[in-house]
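Residues per chain, in single letters:
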Amino acid sequence: MKSHKIKINISNRYLTPDVIGRTGMSEVDCIAELVANSLDWNISRLDDKTPTNIIIEKGDDFIQITDNGVGMNFDQLDKATNLGEDSNEFRDRDKDDHRKGMYGMGLKNAALTLGWKFTITTISSKDPEVEYKFEFDSKIGVKNPELDYINNLEVIEDKKPLDSVLKDFNHGTCIKIESLVKDIPSVNIIKHQIEERFFYDIETLKNKNLLKFQLIDGGYSVDVEKFSIEDRFKDKILKSDFENPNKWMKKKEYKYTGKDGNEYQLKGYLQLLKQRSFVDQQYGLHLFYKGQLIERYHKGKLFDIKGRSGELTFGILHLDGCTPDQNKSRGFIEDEIFDNVLDLIKDDFKIYKSMGVPTAKGPIAINDEINKRKGIGSEHGDDDDPQEPKGGDHTP
């Protein structure tokens, strides 16, 4: 067994739930940040024959996220646990532009928002015989300042023990958070949120039979499954797909310049819901960044339908060229790039606004639009319809 001392460049008083934990992250936000790390470094990215395993276990005073991902060696763990620094250098180890846990201090913020103590156990896929463990208990430093706890932290290196938390895997990472200060939601609530937030990654891995994702609470367990919202839609012909514009959409292509100066293809769609969503407010836009859901049911600047006429419209936008706020609860930074995306799509909202009018005109507009797109014609006439498409002669 070896011990490696690590240096933390910040006061222990900052690294507590009372300070770092007050960043506005909800309980599910914190869990999602740790799941994002598991998905970022899943083993199936390196070996498409090895399934990804993720387990979230909830206990009386702890929550634990375990995966069989690529794991970390000492240098990588050292950077990941340097509580005083952004971990982007660590995350750039493979220059992955699609990572989801992209908020710098996300792991530390998440852990210390949920509880006073966390332990990271990890085994690298490149050295599966060696296990590294790092434990941080912020209560010790607060209650015993004379111990100089923050300057005496160590990573323990040892051969993988028989009773390791990773005993069922050849490699991977386990993060256990204890002395909780938050009430952890039920595993069913966590399951639903994870399925919705990471539906793209989950669907991709599930379609290849490469994902086993369990949530456990005592003797009860439930599996994460693929999330589908398709059953809530009125008619598939009313979909506006920004990657594959049909002839009823307002533009032939939907591209914009991102924050890094590169050109981005806008991914996502708009659709009409079967039923008006007034009570539960489940309408608006789901906004994603590099595969992770950042804001659910956005009804702000990008959702260009105000009032009750928007209650039948749902959409998904992947805004990889925009900038998420460091505080996830604030969504995206509404800068010039954000405004450019709005300019790109605002005309396409007009038809959904007309179909969503909460009067008799709404259902008439819906039937007319469906008939027009199916080539049936309209009883109400749409030859002079101001919503007639301007997207050109590209095919559906």
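Now for a quick tour of the structure. (Residues numbered from 1 in each chain as written. Predicted model: local features only at pLDDT ≥ 70, side-chain atom pairs only at ≥ 80, totals over all residues. Heavy atoms only, no water.)

Here we look at the packing of aromatic side chains
Overall, the coordinates contain 14 aromatic pairs when judged by the stated rule. Judged by centre distance (6.5 Å) and plane angle (40°), the rings of F74 and Y132 are tilted. Residue F74 is located in helix α2 (residues 74-80), and its partner Y132 is located in strand β5 (residues 130-137); the two are separated by 58 residues in the primary sequence. When sorted by exposure, F74 lands in the same class as Y132, which is buried. Seen from their ring centres, F332 and F338 are 6.4 Å apart, and the 25° between their planes marks the pair as stacked. Here F338 falls in the buried class, since its relative accessible area comes to 1%. Members of the aromatic cluster, each reached through a chain of ring pairs, are F118, F134, F136 and Y149. (Phe/Tyr/Trp six-rings, centres within 6.5 Å; stacked < 30°, edge-to-face > 60°. Helix = DSSP H or I, 4+ residues; strand = E, 2+ residues; numbered from the N terminus. Buried < 20%, exposed > 50% of the residue type's maximum accessible area, 1.4 Å probe, protein only.)

Things to note about the environment of E203
Summarising the element assignment, E203 is placed in helix α7 (residues 199-207). On a C-alpha basis, the gap between E203 and E225 in space is 8.1 Å, while along the polypeptide they are 22 residues apart.

Some words on the packing of helix α1 (residues 27-40) against helix α6 (residues 187-197)
Close contact between α1 and α6 brings their axes to 11 Å; oriented N to C, the two are set at 55°. If you check the angle between α1 and α6, you find them oblique. The hand of the α1/α6 crossing is right-handed. Residues V28, D29, I31, A32 and V35 of α1 lie in contact with α6, whose contacting residues are I190, Q193, I194 and R197. The residue inventory of the contact of α1 with α6, partitioned by class, reads 6 nonpolar, 1 polar and 2 charged. (Axes fitted to C-alpha atoms, helices over the stretch in contact; angles between N-to-C directions. Parallel < 35°, antiparallel > 145°, perpendicular 65-115°, else oblique. Left-handed = near helix turned anticlockwise from the far one by under 90°. Contact = heavy atoms within 4.5 Å. Nonpolar A, V, L, I, M, F, W, Y, C, P; charged D, E, K, R; others polar.)

A short note on helix α8 (residues 336-345)
Within the sequence span of α8, burial applies to I337, F338, V341, L342, L344 and I345. An end-on view of α8 places all buried positions within 160° of arc, on one side of the element. N-cap assignment for α8: the residue whose side-chain oxygen lies 3.2 Å from the backbone N of I337 is D335. (Arc of directions from axis to C-beta. Polar contact = N/O pair within 3.5 Å; in protein donor to acceptor, adjacent residues only side chain to side chain.)

Section: the side chain of H298
The residue H298 is located in strand β15 (residues 292-298) in this model. Taking the relative accessible area as the measure of exposure, H298 reaches 3% and is therefore buried. Looking at H298, its side chain comes within polar contact range of the side chain of E295, at 3.1 Å. Within polar-contact distance, the side chain of H298 engages the backbone nitrogen of G300 at 3.4 Å. Beyond its immediate stretch of four places on either side in the chain, H298 contacts G284, L285, L287, F303 and F338.

A short note on the nonpolar core
Judged by nonpolar contacts, the single largest core of 51 residues is most densely connected at I56, I63, F118, F136 and I177. For this core, the element with the highest residue contribution is α1, accounting for 7 residues. (Core = buried A, V, L, I, M, F, W, Y, C linked by side-chain atoms within 4.5 Å.)

Some details on the sheet that holds strand β10 (residues 240-241)
Taken in spatial order, the 5 strands make up an open sheet running β10-β13-β16-β14-β15, and their pairing is mixed. At either margin of the open sheet sits one strand with a lone partner, and together these are β10 and β15. Alignment of strand β13 (residues 267-272) against strand β16 (residues 313-318), held across 6 bridges, turns out to be antiparallel. Directly across from L272, in β16, lies its bridge partner T313. (Pairing = 2+ DSSP bridges.)

Side note on the side chain of N68
Mapped onto the fold, N68 is located in the loop between β3 (62-67) and α2. What N68 contacts, discounting residues up to four positions off in sequence, is I43, T50, P51, T52, N53, F169, H171 and G172.

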